[in-house]
Amino acid sequence: MADKTTSSSSVSTSTSRDQRDKIQSFVFLDLETTGLISPIQITELALISVHRKSMDDARARWKLTPRIVDKLVLCIDPEIEVEPDAEKITGLSRSLLRHNGKSTFNVQICQQLEGFFKRQEEPICLIAHNGDQYDFPILARSLFELNDSGVGNLDLMCADSLSAFRAVYPKKGSYKLTSLLLSTFGNTYNEHTAEDDAIGLMKLSINSWEKIRVWFEQNSTKRLQDYHTVSRSSSGALKRKRSDDNADEQALFMSPSAGAHPCHF
Ligand code: DCM
Ligand code: MG
């Protein structure tokens, strides 16, 4: 009798601990920016947060759009000019952002982000496509350079969906977000718009949820703060992020270990 009690209570303790440690909120992140040349500033940010339960349910029901999501989409004055190529693909220029009265990445934006993350059940994991090289360090720098950013107190795990899709589907020809969406769902979408890129990433993740979720859980070891340390400790201009031609595809999306990081602060 005593043994039984002990063993059942130890099982329930470990189950609940297990449950507690599991990612509860998956936050799909995408940034539009001034381009590829350092210093890179954010022109648009999208966060789409979906609870683990909704991701599980969506997959089980073959629905790619969960009913319950929190979204935050912000357009931001980057304080420097947007590179012509970036302006062309995103439709965002500094003057357009300013004429629409958008603020710079200031303390108020940090507070909005902090409020957004505080609404999500922890543990929280940010997911971004090529996030390790691009979105995570850029967001971390923007946030943590403002010293009074309360986001620094939050525990935000990070997982790069580009690495995830490479690992889970090693034989794909291209791992660009647009290519993955086209090959998976057969349609194009409004790419280079932060919200649509983040939603596309969410749908791809739901579609491959069983495998991708396991990868996210096993590989979300870094925290957002860690990317700021990396960006401070290295020097040199940020080179390339993503490009639409095949050479860049080869360099950036197919063989990350060969040569220099495409995004190196
Ligand atoms: N970017 C760029 N040129 C490209 C691709 C991307 O300057 N060919 C920059 C500007 C985009 C940012 O990267 O705002 C994010 O790219 P994406 O829209 O793919 O998320
Ligand atoms: Mg984008």
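Structure's up top.
The rules behind the values
Residues numbered from 1 in each chain as written. Chains lettered and ligands numbered in written order. Predicted model: local features only at pLDDT ≥ 70, side-chain atom pairs only at ≥ 80, totals over all residues. Heavy atoms only, no water. Buried < 20%, exposed > 50% of the residue type's maximum accessible area, 1.4 Å probe, protein only. Helix = DSSP H or I, 4+ residues; strand = E, 2+ residues; numbered from the N terminus. Polar contact = N/O pair within 3.5 Å; in protein donor to acceptor, adjacent residues only side chain to side chain. Pairing = 2+ DSSP bridges. Axes fitted to C-alpha atoms, helices over the stretch in contact; angles between N-to-C directions. Parallel < 35°, antiparallel > 145°, perpendicular 65-115°, else oblique. Left-handed = near helix turned anticlockwise from the far one by under 90°. Contact = heavy atoms within 4.5 Å. Nonpolar A, V, L, I, M, F, W, Y, C, P; charged D, E, K, R; others polar. Donors = N, O, S within 2.8 Å, 3.2 Å for Na, K, Ca; no water. Core = buried A, V, L, I, M, F, W, Y, C linked by side-chain atoms within 4.5 Å. Phe/Tyr/Trp six-rings, centres within 6.5 Å; stacked < 30°, edge-to-face > 60°. Lys NZ or Arg CZ within 6 Å of the ring centre and 35° of its normal.

Asks: When you look at helix H7 (residues 161-168) in this model, what are you seeing that I'm missing?
Replies: Since the α-helix turns once every 3.6 residues, residues separated by three or four places project in the same direction. Here H7 lies mainly inside the structure; 6 of its 8 residues are buried. Within H7, the full set of buried residues consists of Ser161, Leu162, Ala164, Phe165, Arg166 and Val168. Looking at where H7 begins, the residue whose side-chain oxygen comes 2.8 Å from the main-chain nitrogen of leucine 162 is aspartate 160.

Asks: Sorry, what's going on with the pairing of strand E2 (residues 42-51) here?
Replies: In summary, the side chains of a regular strand alternate between the two faces of the sheet. With 9 of its 10 residues buried, E2 lies for the most part within the structure. Here 9 bridges tie strand E1 (residues 25-33) to E2, and the two strands are oriented antiparallel to one another. Considered in E2, the bridge of leucine 31 is made with leucine 45. Pairing geometry for E2 and strand E3 (residues 70-75), over 6 bridges, is antiparallel. Across the sheet, glutamate 44 pairs through a bridge with cysteine 75, a residue of E3.

Asks: Looking at this structure, how should I read the packing of helix H2 (residues 52-60) against helix H9 (residues 194-207)?
Replies: Axis angle and axis distance: for two packed helices, these are the angle between their axes and the distance between the axes, and together they describe the pair. Contact pair H2 / H9: the axes reach a minimum separation of 9 Å and the direction vectors enclose 65°. Looking at the two axes, H2 sits roughly perpendicular to H9. Every pair of crossing elements has a handedness; the one defined by H2 and H9 is right-handed. Side by side, H2 and H9 meet where Met55, Ala58 and Arg59 of the first sit next to Met202, Ser205, Ile206 and Asn207 of the second. Its residues assigned to classes, the contact of H2 with H9 comprises 4 nonpolar, 2 polar and 1 charged.

Asks: What exactly am I supposed to notice about the coordination of the magnesium ion (ligand 2) here?
Replies: Around a metal, the perfect tetrahedron of four donors has angles of 109.5 degrees, and the perfect octahedron of six donors has angles of 90 or 180 degrees. Binding of the magnesium ion (ligand 2) to the protein goes through Asp30 (OD), Glu32 (OE) and Asp197 (OD), at separations of 2.0 Å. Along the chain, the residues donating to the magnesium ion (ligand 2) fall in the pattern D-x1-E-x164-D. Summarising the burial analysis for this pair, aspartate 30 and glutamate 32 share the class buried.

Asks: Help me out: how do you make sense of the nonpolar core in this one?
Replies: Most often, soluble globular proteins keep nonpolar side chains buried together rather than apart. By size, the foremost hydrophobic cluster in this structure holds 33 residues, and its most contacted members are Leu47, Leu113, Phe117, Leu139 and Leu224. Among the elements of the structure, E1, E2, E3, helix H5 (107-119), strand E4 (124-128), helix H6 (135-144), strand E5 (156-160) and helix H11 (224-233) are those that each provide at least two residues to this core. Per-element tally for this core: the top contributor is H6, with 6 residues. Excluding anything up to four places from it in sequence, leucine 47 contacts Val27, Phe28, Leu29, Asp70, Lys71, Leu72, Leu113, Phe116, Phe117 and Leu126. Core analysis: the next-biggest nonpolar cluster, separate from the first, contains 31 residues, Phe165, Leu177, Leu201 and Leu204 among them.

Asks: Whenever I open this one, the packing of aromatic side chains confuses me. Can you help?
Replies: Two numbers describe a pair of aromatic rings. These are the distance of the centres and the angle of the planes. Tallied over the full model, the rule gives 6 aromatic pairs. With a centroid separation of 6.1 Å and 20° between ring planes, the pair formed by phenylalanine 165 and tyrosine 169 is classed as stacked. Feature note: the residues Phe26, Trp209, Trp215 and Phe216 constitute an aromatic cluster, connected by ring pairs. Over the face of the ring belonging to tyrosine 169 we find lysine 172, whose NZ or CZ atom lies 5.6 Å from the ring centre. Positioned above the aromatic ring of tyrosine 227 is the side chain of lysine 222, whose terminal nitrogen or guanidinium carbon lies 4.2 Å from the ring centre.

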